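Architecture and fold: a report
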Amino acid sequence: MHRLLSVLLIVFWVTTLFAKEEKQAVRLSRQEVKLLDDFLDLKPGLTEEELRERVQELSLSHMDKSAGKLTLATSTFRLAGVEWSGRLTLVHGKLQEAELQAFAWKERYPKTAEQVVPQYQMRGIGLLVAAHYTAKFGKVSEGYVPNIDCPAGNPFGLRQEWRLKDSALAVEFAKNSSTSSVRISLMDWTAWDKEQRETYSDWPLDPAPQRLLIEAISR
């Protein structure tokens, strides 16, 4: 109960900050909700032809013939007030993972070309997306995603994930000293489980401590 109250308080803080700044939507529009639901139709196992029927303006991003891997990129689009991009990874002609990501600098630098969005706003967007999937698939605990290249724990990620029959759905907020991001992933469950076990020795992830939940909404 204490953890639930802490999460609700964080959501309230983020919503309050959004309202004060009046720069960020605190609700998803019908079109944005449809986009998030349509994303779930990109089920692992689809062929490139089937993907092109569902997603317009796909372009080649990377090809690794030796591994039978092909990566396709979507055109950029806007969701919850920021710019996103998509990536579809096929292995031996079948979709293995679909991914949507919004990346932003926390503040403007002289040579910053990408979008600039405060960290707390990116965290709020991640919570909005996760809340949509929570309403569909049920509440899950938020896990702490350590950065294996930075054992001290900063930068870090916060992830909510659901198992959907043969696939894994994850919404992850990540930060470092100068940027933050939100990523939505839909991946074949067997491949996802294998990747996580190879990446994190303590898989499944530990619950995120409250101090990180609070740090994630800092400016």
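If you're wondering where the values come from, they're calculated on a predicted model, not measured in any experiment.

Each value, and the rule that gives it
- Residues numbered from 1 in each chain as written.
- Predicted model: local features only at pLDDT ≥ 70, side-chain atom pairs only at ≥ 80, totals over all residues.
- Heavy atoms only, no water.
- Core = buried A, V, L, I, M, F, W, Y, C linked by side-chain atoms within 4.5 Å.
- Buried < 20%, exposed > 50% of the residue type's maximum accessible area, 1.4 Å probe, protein only.
- Contact = heavy atoms within 4.5 Å.
- Helix = DSSP H or I, 4+ residues; strand = E, 2+ residues; numbered from the N terminus.
- Polar contact = N/O pair within 3.5 Å; in protein donor to acceptor, adjacent residues only side chain to side chain.
- Phe/Tyr/Trp six-rings, centres within 6.5 Å; stacked < 30°, edge-to-face > 60°.
- Salt bridge = Lys/Arg side-chain N within 4 Å of Asp/Glu carboxyl O.
- Arc of directions from axis to C-beta.

Focus on the nonpolar core
- Among the nonpolar cores identified, the biggest contains 43 residues, and F39, W84, M122, Y133, L169 and I184 are the most heavily contacted of them.
- Residues in contact with M122, not counting those within four places in the same chain, are V82, A102, F103, A104, V117, F173, S180, S181 and V182.
- Counting residues in hydrophobic clusters, the runner-up holds 10 residues, among them V145, Y200, W203 and L205.

Overview of the side chain of S178
- Assignment of secondary structure puts S178 in the loop between β8 (167-175) and β9 (179-188).
- With near-sequence residues (within four places) excluded, S178 lies in contact with A104, W105, K106 and Y109.

Points about the side chain of Q121
- Mapping Q121 onto the fold places it in helix α4 (residues 119-137).
- Of note is the side chain of Q121, whose polar atom sits 3.5 Å from the side chain of Y120.

Quick word on the packing of aromatic side chains
- Summed over all chains, the structure comprises 4 aromatic pairs.
- Relative to W105, the ring of F103 has its centre 6.4 Å away and its plane inclined at 80°; by these criteria the two rings are edge-to-face.
- A relative accessible area of 22% places W105 in the partly exposed class.
- With 6.2 Å between their ring centres and 65° between their planes, Y133 and W162 make a pair best called edge-to-face. Here Y133 is found in helix α4, whereas its partner W162 is found in strand β7 (residues 156-164), with 29 residues between them in sequence.
- Relative accessible area serves as the criterion here: at 0%, Y133 is assigned to the buried category.
- Taken together, F103, W105 and Y109 form an aromatic cluster joined through their ring pairs.

Notes on the pattern of salt bridges
- This structure, assessed with the given rule, holds 12 salt bridges.
- Note that E172 is salt-bridged to R183, the shortest N-O span being 3.7 Å. Pair noted here: E172 is in strand β8 and R183 is in strand β9, with a separation of 11 residues, a long-range link.
- For R183, a relative accessible area of 24% translates into the label partly exposed.
- K194 is the salt-bridge partner of E198, the closest N and O atoms lying 2.6 Å from each other. Of this pair, E198 and K194 both sit in helix α5 (residues 189-199), 4 residues apart, roughly one helical turn.
- Through salt bridges with shared partners, a single ionic network connects R87, E99, R159, E161, E172 and R183.

Side note on helix α2 (residues 30-39)
- The set of residues buried in α2 consists of E32, L36 and F39. Buried residues along α2 cover an arc of 60° about the axis, so they all sit on one side. The exposed residues of α2 that point more than 90 degrees off its buried face are R30, Q31 and K34.

Some words on α5
- Within α5, burial applies to W189, A191, W192, D193 and Q196.
- Close packing links the buried residues of α5 with β5 (94-105), β7, β8 and β9.

Functional significance is not addressed by these values, which are geometric in nature.
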